[in-house]
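Single-letter residue listing:
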Amino acid sequence: MRLKKGMMTVFLTALLALSGCSLTKTEELYSLPQPSKEYLQLQTLIDAEISSGCEYAAPTAGSQRQSVQLTDLDGDGVNEAVAFLRNKDLQPLICVYRRTNGAYALADRIKGDGSAIGRVEYADLDGDGMNEIIVSWEAASQMQLMTAYSLTNGTASVLFKASCLDFQVGDMNGDGRSDVLALTLDSSGGKVDFYSLTKRKDVFQKTTKLSASLKTADRFRIAAIAGGVPAAFIEGPYIENDSNSLLTDIIVFSDGELKNITLDPATGDSTTKRHGGAYCTDIDGNGSLDVPFAETDGGKTRETPESSIYDWYTYGADGRSTLCASTCHCYTDGWYLTLPEDWRGKLVVRRTSAVSGEHAVVLAVKNDSGRPTDILTIYTLTDENRSDRAKLGGRFTLLNSGTVIYAAEIEAASGFPEGTDVQNDVKGRFHLITTDWITGAL
């Protein structure tokens, strides 16, 4: 058997290393890459902090949780290094290193108030082309001190600070500069504080109330509503210790004010109160988050432990909602189906598992007399003979993940609009339930 040249070289290198032989300069070309001089010099600076009694203490929240992060703070195209530590007194510490002429030097140490570092974000808040550092210092399990720092003059100066549960960064008012939203929940009622900087670094602040029943938050993120309008979504249970009861507060910045567009002044709560464990998501792929409401039948939520039927609504900046999709979510098998409009309010779902390695979900639609007719069966196939079972009868494959095949069988084509290419229509409506990494989960 012939080996490719590169593979042979690696093999010989390993063999010579085991036999104690040295390599020539030619073979050194195949050695592992060495750290750059800049990296080694930066590591020396951080090691000096470690030697003084510090230890690494990475942020505990958000998407940026590395102990050492490289980011361009001053906008010159060269990354600064930001190291997250804890000193010998267990006080959180951020060390900022600037890189000049290929060498790093300590610019400043930022000491935190608390026991740990929560979330960290880098954003241009005043539009000067330089990024500020926004960080939350964990003071207690349900309270953090969010602080925004400017490094314009080489050292860190505080722009503003606020006690909160968590914060998010995004352009809420459409001026091209990032804003900061701080979330607070307590026994007296929750709120969201909005912080925006002028070009002179003056702080502009607004506040709006959250639903009175919202005592804990599961999700907090900035996304978009209809028309691409930026909005903050805060979601959580409205009945204590009941994860099946959810409400969503949607916050927008409009006419110079921060507004909760879903808040009902008469009740003090969001109009999105609902049952069902689904959080907001962009169900129709148009860039805006949609709010799910589990369908009801005679006042009772139409759901089973295996599946739920949802109507999804898109909200506008005026607080009005529009139905954008209806879905059947099968959580047990990990898929959902976008439903034809004619099926809304008429769908009956049942599950059968008569064969090992084959789960079948039958979707039936009720006629005018209320009698259900089987329209579609969706199979989840996991056994070794799944490829053969996906071809039985009139079955066709919806998706093959490698270890699982999802297949379907049309029971009554009359349940679809006339002239529809039924198989392709079903394939287009079928989706896997996937994990969105940008959930805003707290």
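About the criteria used
Residues numbered from 1 in each chain as written. Predicted model: local features only at pLDDT ≥ 70, side-chain atom pairs only at ≥ 80, totals over all residues. Heavy atoms only, no water. Helix = DSSP H or I, 4+ residues; strand = E, 2+ residues; numbered from the N terminus. Buried < 20%, exposed > 50% of the residue type's maximum accessible area, 1.4 Å probe, protein only. Contact = heavy atoms within 4.5 Å. Areas by Shrake-Rupley, 256 points an atom, 1.4 Å probe, with all protein chains shown as cover. Pairing = 2+ DSSP bridges. Core = buried A, V, L, I, M, F, W, Y, C linked by side-chain atoms within 4.5 Å. Salt bridge = Lys/Arg side-chain N within 4 Å of Asp/Glu carboxyl O. Axes fitted to C-alpha atoms, helices over the stretch in contact; angles between N-to-C directions. Arc of directions from axis to C-beta. Polar contact = N/O pair within 3.5 Å; in protein donor to acceptor, adjacent residues only side chain to side chain.

Examining the overall build of the chain
Here is step 1: In terms of helices and strands, the chain carries 5 helices and 32 strands.
Here is step 2: By residue count, 44% of the 442 residues in the chain fall in the buried class.
Here is step 3: At a minimum sequence separation of 6, the contacts of the chain that also span at least 24 residues come to 44%.
Here is step 4: Here the chain displays about 22500 Å² of accessible surface, and carbon together with sulfur accounts for 50% of that area.

A closer look at unusual backbone geometry
Here is step 1: The phi dihedral of Leu90 is positive, around 65°, even though this residue is not glycine.
Here is step 2: Locating Leu90 in the fold gives a position in the loop between β3 (80-86) and β4 (92-100).

As for the pairing of strand β7 (residues 132-140)
Every other side chain in a regular strand lies on the same face of the sheet, so the side chains alternate between the two faces.
Here is step 1: Here 6 bridges tie strand β6 (residues 116-123) to β7, and the two strands are oriented antiparallel to one another. The partner of Ala116 across the bridge, within β7, is Glu138.
Here is step 2: Pairing geometry for β7 and strand β8 (residues 143-150), over 7 bridges, is antiparallel. Pairing of Ile134 across the sheet is with Ala148, part of β8.

Thoughts on the nonpolar core
Here is step 1: The biggest cluster of nonpolar side chains holds 25 residues, and the ones touching the most others in it are Trp335, Leu337, Trp343 and Leu347.
Here is step 2: Every element with two or more residues in this core is listed here: β25 (321-330), β26 (335-338), β27 (347-355), β28 (358-366), β29 (372-381), β30 (396-400), β31 (405-410) and α5 (422-429).
Here is step 3: Trp335 has contacts with Cys328, His329, Cys330, Val361, Leu363, Ile378, Thr380, Tyr406, Phe430, His431, Leu432 and Ile433, leaving out every residue within four places of it along the chain.
Here is step 4: With 18 residues, the next largest nonpolar core counts Leu181, Phe194, Phe220 and Phe253 among its residues.

Concerning the environment of Gln423
Here is step 1: In this fold, Gln423 is placed in helix α5.
Here is step 2: In sequence terms Gln423 and Thr397 are 26 residues apart; their C-alpha atoms lie 9.4 Å from each other.

Some points on the pattern of salt bridges
Here is step 1: Evaluation of the coordinates by the stated rule reveals 23 salt bridges.
Here is step 2: Between Asp202 and Arg200 there is a salt bridge; the shortest N-O distance is 3.2 Å.
Here is step 3: For Arg200, a relative accessible area of 71% corresponds to the exposed category.
Here is step 4: Between Asp318 and Arg320 there is a salt bridge, with the nearest N and O atoms lying 3.7 Å from each other. Considered together, Asp318 and Arg320 belong to a single accessibility category, that of exposed residues.
Here is step 5: Overlapping salt bridges bring together Asp74, Glu80 and Arg98 as one network.

Details of the pairing of strand β10 (residues 166-170)
Here is step 1: Of all the 5 residues making up β10, 4 are buried; the element is thus mostly covered by neighbouring parts of the structure.
Here is step 2: As paired elements, β10 and strand β11 (residues 179-184) share 5 bridges and run antiparallel to each other. Bridge pairing in β11 links Gln168 to Leu181.

Let's talk about the sheet that holds β11
Strand-to-strand pairing in sheets goes through backbone hydrogen bonds, with the strands running parallel or antiparallel.
Here is step 1: On the basis of which strands lie adjacent, the open sheet formed by 4 strands has the order β10-β11-β12-β13 and antiparallel pairing. Pairing within the sheet leaves two strands with one partner each, and these edge strands are β10 and β13 (203-209). In this sheet, neighbouring strand axes are inclined to one another by 20° on average, regardless of whether the strands run parallel or antiparallel.

Brief notes about α5
Here is step 1: Those residues of α5 that fall on the buried side of the exposure criterion are Val422, Asp425, Val426 and Arg429. In an axial view of α5, the angular spread of the buried residues amounts to 95°, which keeps them on one side of the axis.
Here is step 2: Where α5 is buried, its residues touch β26, β29, β30, β31 and β32 (430-432).

Remarks on the side chain of Arg177
Here is step 1: Topologically, Arg177 is positioned in the loop between β10 and β11.
Here is step 2: Using a relative accessible area of 16% as the deciding quantity, one classes Arg177 as buried.
Here is step 3: In terms of polar contacts, Arg177 uses its side chain to reach the backbone carbonyl oxygen of Leu197, at 3.2 Å.
Here is step 4: Residues within four places of Arg177 in sequence aside, it is in contact with Asp124, Leu125, Asp126, Gly127, Asp171, Leu197, Thr198 and Lys199.

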